[in-house]
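Summary of structural features
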Amino acid sequence: MTTTIRLSARCKSLLRSSIVGLSLMALLTNSLGVTSLGQAALPATNQADASTQVSVRIMPADGSTFLVGQRFDIRVEGPPNLSGPLHVSLDGRDISEWNHRSHLTGNKLDHPSPPTLNGAPAFLSRDWSFPSPGRHALTATVNGKAAREVSFEIIAWQGTGPKARNVILLIGDGMGLAHRTAARIVSRGLNEGRYRNGMLEMDELQATGLVTTSSLSAMVTDSSPGASCYATGNKAANNEQGVFPDNTDNDALKRTDPESDRFFDNPRVENISEYLRRARGMNLGLVTTADVTDATPAAFAVHTSNRNASTRIADDYFDRRNQTGLTVLLGGGRQWFESKGNPQKSGRRSTPTNAKVDPARDLVKAFQKAGFAFTDSTKSLHAVSALRSPRLLGLFAPSTMPTAFDKLGHGAERVNNVPMLDDMARAAINSLSSSSPHGFFLMIEGASIDKLAHAEDADRTIWETIEFDRTVGVAKRFAETTNSDADPNNDTLVIVTADHETGGFSLIGARNPDPRIPRGSRDAARAYRGFPDYRDADGDGYPDEVDPPSKLIVGFGAGTDRYEDWISNKRLLPPTVIIRGRAVANPRRDGPDDDDPASRKGALITGQVENGEAAALAGDLGIEPLTNAVHTATDIPLTASGPGAMQFVGVQDNTTIFFKMMRALGGSYQRIYYDGPRVSSTPQRRRGKSFQRGP
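The following refers to the structure shown. (Residues numbered from 1 in each chain as written. Predicted model: local features only at pLDDT ≥ 70, side-chain atom pairs only at ≥ 80, totals over all residues. Heavy atoms only, no water.)

Things to note about the overall build of the chain
Check the secondary structure of the chain and you find 17 helices and 28 strands. Excluding contacts between residues fewer than 6 apart, the proportion of contacts in the chain whose partners are at least 24 apart in sequence is 71%. Within the structure as shown, the chain displays about 30,500 Å² of accessible surface, and the carbon and sulfur contribution to it stands at 52%. (Helix = DSSP H or I, 4+ residues; strand = E, 2+ residues; numbered from the N terminus. Contact = heavy atoms within 4.5 Å. Areas by Shrake-Rupley, 256 points an atom, 1.4 Å probe, with all protein chains shown as cover.)

Things to note about the pattern of salt bridges
Within this structure, the stated rule accounts for 39 salt bridges. With its nearest N and O atoms 3.1 Å apart, the salt bridge here joins Glu-153 to Arg-135. Remark: Arg-135 occurs in strand 9 (residues 134-142) and Glu-153 occurs in strand 10 (residues 145-155); sequence separation between them is 18 residues. Salt-bridge contacts for Lys-451 lead to Asp-294; the nearest nitrogen and oxygen are separated by 3.0 Å. Placement of Lys-451 in helix 14 (residues 448-454) and of Asp-294 in the loop between strand 13 (283-291) and helix 7 (295-298) is noted, with a sequence separation of 157 residues between them. Judged by its relative accessible area of 28%, Lys-451 falls in the partly exposed class. By sharing partners, the salt bridges in this structure join Glu-201, Glu-204, Lys-476, Arg-477 and Glu-480 into a single network. (Salt bridge = Lys/Arg side-chain N within 4 Å of Asp/Glu carboxyl O. Buried < 20%, exposed > 50% of the residue type's maximum accessible area, 1.4 Å probe, protein only.)

Some words on the packing of aromatic side chains
Evaluated as defined, the whole model comprises 15 aromatic pairs. With a centroid separation of 5.9 Å and 80 degrees between ring planes, the pair formed by Phe-405 and Trp-463 is classed as edge-to-face. With Phe-405 in helix 12 (residues 404-407) and Trp-463 in helix 15 (residues 458-484), this pair connects stretches of sequence that are 58 residues apart. Take Phe-405 and Trp-463: they sit in the same class, and that class is buried. Each ring, one from Phe-505 and one from Phe-556, has its centre 5.5 Å from the other, and the planes form 80 degrees; the classification is edge-to-face. Note that Phe-505 is positioned in strand 20 (residues 505-510) and Phe-556 in strand 21 (residues 552-556), a separation of 51 residues in sequence. The class of Phe-505 is buried, set by a relative accessible area of 6%. Exposure remark for Phe-556: the relative accessible area of 7% places this residue in the buried category. (Phe/Tyr/Trp six-rings, centres within 6.5 Å; stacked < 30°, edge-to-face > 60°.)

And the structure:
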């Protein structure tokens, strides 16, 4: 039934006046800097106060979330060269007296933060935590006015439902949906529109969702905050991990003194390994095909604002192993563990800010003396894996490990006695499962999916993704055993995801096999017709032939200028080089100067990213020509199986992965769970029976 409401002329006039008044109030409120999102600025009294408000930074950032008992630091920074006092309050109570003190111990900090680079006043207090759930507000006041406020929330994670004892998080660095699809096409084969040999291991997990990837400082993340979100449940700035940003360091210092103390003084957030070690006595394993000091593995054990402080990161692995529970560390990067006394092998660096950072330190020997079995080859890895050594250090390359493509003999580089990622994962699980009575957290990274997509080398990227999928199979087999046996207290949650997408990877079609089409012609990139013709006679997941007549054609939507003939590269060369200050296609890769005469007629593919063409402005705008493809802001897929897996259905912010893993470990998860953005003005619909919450 429709009801008509009639208003008198006077009522209509009053209504119009009210609407206009509310609109003016909204405009006035915005002009005064009163906001409801972000770091809220309380009403300023004049333009100078408003300017001061904008210059105040509070960390944790607005909207941050922490677990009950999770420790974190509070940092407030005032405007530069301000002479007046800086006051900080928590829920209306002045906490300024806690500056340069630990809230856990009450003592002064052993290593107070160094002076700010811009002369701004600052407040730093470490080790805050809360024993119960709730919402809290931090307010900073400069000169007794111009207050700025943020809020954060404390949430519970312990419950009474079924618990996971172990979590295996597999991160295909840079692996977007197209990377996974390409690996499935090449590994499993596609015929008449169907995958005749089944799906990938990672496709066959119980739950599927999408993850957003932006960092605290940019729409497009790098790997440091990408992994740090999973490790801490909080956003981090690009190039930083396990910390909030501060104003005591800058990019120039990263170039001149990458190991400086200033990169280790930021406000910290307790990460998952530290919390689980402290709360449950759990062990930590880190496995990667990159340097073990690289961004993704380090985010789960180290706190730094410089992801490239590799000497300090390696030191932290050893020095803080009791705090993190680190018992397995496998990957590349041996140069950061070798003494500088061996200059051909060591990359260790000193810093004038800390005499304890010793380039001559031999970390390999230090780990061995602490009871770690050491391995540096496939043969020795198999031996220690069979022994199920309780502590394991494996360093298989000076830096990033050779690619799966090259380990399998498809490139010009000959690689011998270097393990595959699935071998490393098997050894890690053997060690952790036999020596972790309270459970373990294992992070396994397929690092070079990202590195090879950066290099715009499609074939090596796909082979790396297949190797990663075989590793997923190793984790699945272990979880299937623990989750189906008679013991309900040893179950394992397996999660497969990425930290971001790399390259704008796109699958264009199948190569036209007609021999009349010249190699390197764009007409070889056939669209809307045919299927790739990969074969896998031995069923190991790797195709028998890299370049079949109708191979998969891949594009890079976030790439640089490059030459391309859609035939695999025998050597891994950069797609782009700098010539006279501008990034141009590398003539030595599928171009006119290629060592292989057959590869000298590749098509010139124009890129999309910064290349220095605005040379007159490049210096002023901070433009650096890029020589490889970049990350994108595209959502990434996630699949999961085990206790709490159904939490991951839907679209979710990257920080929520941490809390969902912890809920799985604490038995407080819901079978169907959504904690993404909600529009407050939209009424929540009643849940249907199929979406009722579980325990």
